Amino acid sequence: MQTDPMQRGKFITFEGSEGCGKSTQIGRFVQLLQSRGLNVLQTREPGGTAVGEKIRNLLQHDEDAEGLSEESELLLFAASRAQLVREVIAPALDEGTWVVADRFLDSTTVYQGFARGLDIGAVQRINAFAVGATMPDMTILLDLDAATGHARAVTASGGEGDRMEAQPLEFFEKVRNGYLALAEAEHERVRLIDASGSIEEVAGQIEAATKDLFT
Ligand code: TMP
C-alpha cells in the first residue's frame, strides 16, 4: 500500500506501565507499517521536540525536580505534549504520514490522574486543551502485572531508575488498574494486549488487533 498524500495519516499510540515491552513492540509495529509501504514517524513522550526533550530530562533526571508539585508535573507533561502535537504530530498526519507515539494523553490520565490522585476532571480538561483535535485513531495498551513490569524496568535501567521508577510498587498497581479502567471505558479506541507472552506472541496479538486500521 502506498501513502496517499491526499489522505490523512493514522495516529497510533502505545501505552503501558514500565517494563511492559513497549519500545520493542513499537519497533516491530513500525516495521510492519513500513513493510506495507507507509510513511511512518515514530515519536515519544515526554519529548519528541527540542523543548520536549528538555522537559523530559527535567522530569526524569534533574535533581531540581525532586520538589516538583504534582500539579506542576501534570502541566509539564501537558506542555511537552502541546508542543509535540503542533510541531510534529499534526503536520505529519496532515501530509499523510502515519504517526506512532510511545505514550500520549492516556499516560497523563493514568499516572497523574489515577495513580497520583489529581482531580480527574481537571486532568481531562488539561489533556483536551493540550492536544486539541489531535486524538489517537487507536491505542495499544500493553498489560502486564505491576511487579513483573517494575522488576523488568529496574533491570533494564541497570538499577538506576528514574524519578518515576523510584515510586513504590503500589503506585504501579494503581497505574495498571487505571489503564485497565481506561481500556474498559474506551474499548473502541484502546486495544488491550496481554504483554506477558514472548516478543513474538505479543507482536502477533498487536498485528491482529490493528488489522482494521488498514480497511
Ligand atoms: P518512559 O516513556 O521511558 O516509560 O518514561 C516516561 C515516564 O513518565 C513513565 O514513568 C511514565 C511517566 N509519564 C507520566 O507520568 N505522565 C505522562 O503524561 C507521560 C507521557 C509519562
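Look a little higher up for the structure.
Model, not experiment: these values are computed from the prediction.

### Considering the site of the ligand
Surveying the vicinity of the ligand reveals 14 residues, the closest of which are Glu-18, Gln-60, Arg-103, Thr-108 and Gln-112. In this structure, an oxygen atom belonging to the ligand sits 3.0 Å away from a side-chain N or O atom of Gln-60. Side-chain polar atom of Arg-81 to an oxygen atom of the ligand: 3.1 Å apart, as the coordinates give it. Broken down by secondary-structure element, the contributors of at least two residues to the shell around the ligand are α2 (50–61), α3 (70–94) and α4 (105–115). In terms of residues, the shell around the ligand owes the most to one element, α4, which gives four residues. Residue composition of the shell around the ligand, by class: four nonpolar, four polar and six charged.

### Overview of the pattern of salt bridges
Here the structure, examined in full by the defined rule, presents 12 salt bridges. Of the charged contacts in the structure, one is a salt bridge between Arg-103 and Glu-15, with a shortest N-O distance of 4.0 Å. Of this pair, Arg-103 sits in the loop between β3 (98–102) and α4 while Glu-15 sits in strand β1 (residues 11–16); the two residues are 88 residues apart in sequence, bridging distant segments of the chain. Accessibility assignment for this pair places Arg-103 and Glu-15 in one class, buried. For Asp-102, the salt bridge identified is with Lys-22, shortest N-O distance 2.4 Å. Residue Asp-102 is found in strand β3, and its partner Lys-22 is found in helix α1 (residues 22–35); the two are separated by 80 residues along the sequence. By the burial criterion, Asp-102 is buried, and Lys-22 matches it. Among the charged side chains, a salt-bridge network with shared partners connects Glu-15, Glu-18 and Arg-103.

### Section: the sheet that holds β3
Ordered by their spatial adjacency, five strands build an open sheet running β2-β3-β1-β4-β5, and the pairing between neighbours is parallel. Each edge of the open sheet is held by one strand with a lone partner, namely β2 (40–44) and β5 (190–194). Adjacent strand axes in the sheet meet at a mean angle of 20 degrees when their direction is disregarded. The sheet contact formed by β1 and β3 spans four bridges and is parallel. Within the sheet, the bridge partner assigned to Phe-11 lies in β3 and is Val-99. The strands touched by α3 within the sheet are β1, β2 and β3, with β2 carrying the most contacts at an inclination of about 160 degrees. Where helix α7 (residues 169–185) meets the sheet, its contacts fall on β1, β4 (138–143) and β5, and the angle it forms with β4 comes to roughly 140 degrees.

### What to know about the packing of α4 against α7
When two helices pack together, you describe them by how their axes are tilted relative to each other and by the distance separating the axes. Across the interface, α4 lies against α7 with an axial gap of 9 Å and an inter-helix angle of 125 degrees. The angle between α4 and α7 falls in the class oblique. Between α4 and α7 lies a crossing of right-handed hand. For the pair α4 and α7, the contacting residues are Asp-106, Ser-107, Thr-109, Val-110, Tyr-111, Phe-114 and Ala-115 in the first and Phe-171, Lys-174, Val-175, Gly-178, Tyr-179, Ala-181 and Leu-182 in the second. Of the residues belonging to the contact of α4 with α7, the class tally is nine nonpolar, three polar and two charged.

Definitions and cut-offs
Residues numbered from 1 in each chain as written. Predicted model: local features only at pLDDT ≥ 70, side-chain atom pairs only at ≥ 80, totals over all residues. Heavy atoms only, no water. Near = heavy atom within 4 Å. Polar contact = N/O pair within 3.5 Å; in protein donor to acceptor, adjacent residues only side chain to side chain. Helix = DSSP H or I, 4+ residues; strand = E, 2+ residues; numbered from the N terminus. Nonpolar A, V, L, I, M, F, W, Y, C, P; charged D, E, K, R; others polar. Salt bridge = Lys/Arg side-chain N within 4 Å of Asp/Glu carboxyl O. Buried < 20%, exposed > 50% of the residue type's maximum accessible area, 1.4 Å probe, protein only. Pairing = 2+ DSSP bridges. Axes fitted to C-alpha atoms, helices over the stretch in contact; angles between N-to-C directions. Contact = heavy atoms within 4.5 Å. Parallel < 35°, antiparallel > 145°, perpendicular 65-115°, else oblique. Left-handed = near helix turned anticlockwise from the far one by under 90°.

Shape descriptors only; they carry no functional weight alone.
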